[in-house]
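Geometric and topological summary
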Amino acid sequence: MKSIDVFTDGACKGNPGKGGWGVLLRAGTTEKELSGGDPQTTNNRMEMTAVLRALQALREPCRVRLHTDSRYVIDGMTKWMFGWVKKGWKTADNKPVKNEDLWRAMVDAARPHTIEWIWVKGHAGHAENERVDKLASDAAKAA
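We now turn to the structure provided with this report. (Residues numbered from 1 in each chain as written. Predicted model: local features only at pLDDT ≥ 70, side-chain atom pairs only at ≥ 80, totals over all residues. Heavy atoms only, no water.)

**Examining the overall build of the protein**
To be explicit about the condition: For the purposes of this entry, the term helix denotes a DSSP run of H or I that reaches at least four residues, the term strand denotes a run of E that reaches at least two, and both are numbered from the N terminus. As defined in this context, the radius of gyration uses C-alpha atoms, and a globule is described by 2.2 Å times the residue total to the power 0.38. The classification of residues rests on relative accessible area computed with a 1.4 Å probe and restricted to protein chains. Under 20% of the type maximum is buried, over 50% is exposed, and intermediate values are partly exposed. Whether two residues are in contact is decided by their heavy atoms: any pair within 4.5 Å suffices. What sets the accessible areas is the Shrake-Rupley method with a 1.4 Å probe; for residues, cover comes only from the shown protein chains.
When its secondary structure is counted, the protein shows four helices and five strands. Across the protein, helices and strands are ordered from the amino to the carboxyl terminus as β-β-β-α-β-α-α-β-α. Rg of the C-alpha trace for the protein: 15 Å, near the compact-globule value of 15 Å for 143 residues, within the 12% margin. For the C-alpha atoms alone, the extent of the protein along its principal axes is close to 45 × 40 × 25 Å. Expressed as a percentage of its 143 residues, the buried residues of the protein come to 48%. For the protein, the share of sequence-separated contacts (at least 6 apart) that also reach a separation of at least 24 residues comes to 67%. For the protein, the computed accessible surface area is about 7,500 Å², with 52% contributed by carbon and sulfur atoms.

Now the structure itself:
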């Protein structure tokens, strides 16, 4: 199984507002950047979209080291998801899960892969995080 490092970030100019997402895929010495924007969205949706687009870009099952500064994404995928599914996509206080469409899509996109979720502190000089932050910010400005 191929190993790949994935770095993701989302940005929003106003929340909600114009948003963007950025991805860096790295397998050995090969790198690929992806980004996109949305004229009306939220920061959380852009963080999630970055992860979704990264996972969808993988053409075969991989061992993924996924680096993100979003605790929301990591906690959603590694902690909260199990309860949401069990309760029919309701939160602990019985409200509909926000961004259910993206959570469901991320679960599907993650299924073929073995993922290690790695939290990185945002805006702290982490080279790859700064790189995907710029991709996301540039995409948000262009949205």
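**So, the sheet that holds strand S5 (residues 114-119)**
Applied cut-off: Two strands pair under a simple rule: DSSP has to find at least two bridges between them. All axes here are fitted lines through C-alpha atoms, helices being fitted over the stretch that makes contact, and every angle between N-to-C directions spans 0 to 180 degrees.
Pairing is mixed in the open sheet, where five strands are placed in the order S3-S2-S1-S4-S5. Single-partner strands in this sheet number two, and they are strand S3 (30-41) and S5. Adjacent strand axes in the sheet meet at a mean angle of 20 degrees, parallel and antiparallel pairs treated alike. In this sheet, strand S4 (residues 62-68) lies alongside strand S1 (residues 2-13) in parallel orientation, the contact comprising seven bridges. Pairing of Asp5 across the sheet is with Arg65, part of S4. Here helix H4 (residues 127-142) sits on the sheet in contact with S1, strand S2 (17-27) and S3, set at roughly 145 degrees to S2.

**Re unusual backbone geometry**
Here the residue pair Asn15 and Pro16 is connected by a cis peptide bond, since its omega of 10 degrees sits within 30 degrees of zero. With respect to the secondary-structure elements, Pro16 resides in the loop between S1 and S2. If you check the backbone angles, Trp89 has positive phi at about 65 degrees while not being a glycine. Looking at where Trp89 falls in the secondary structure, it is placed in the loop between helix H2 (71-86) and helix H3 (100-110). You will see that His123, though not glycine, has its phi angle at about 55 degrees, which is positive. For His123, the position within the fold is in the loop between S5 and H4. On the basis of relative accessible area, His123 is assigned to the exposed category, the value being 61%.

Interpretation in functional terms is not warranted from these geometric data alone.
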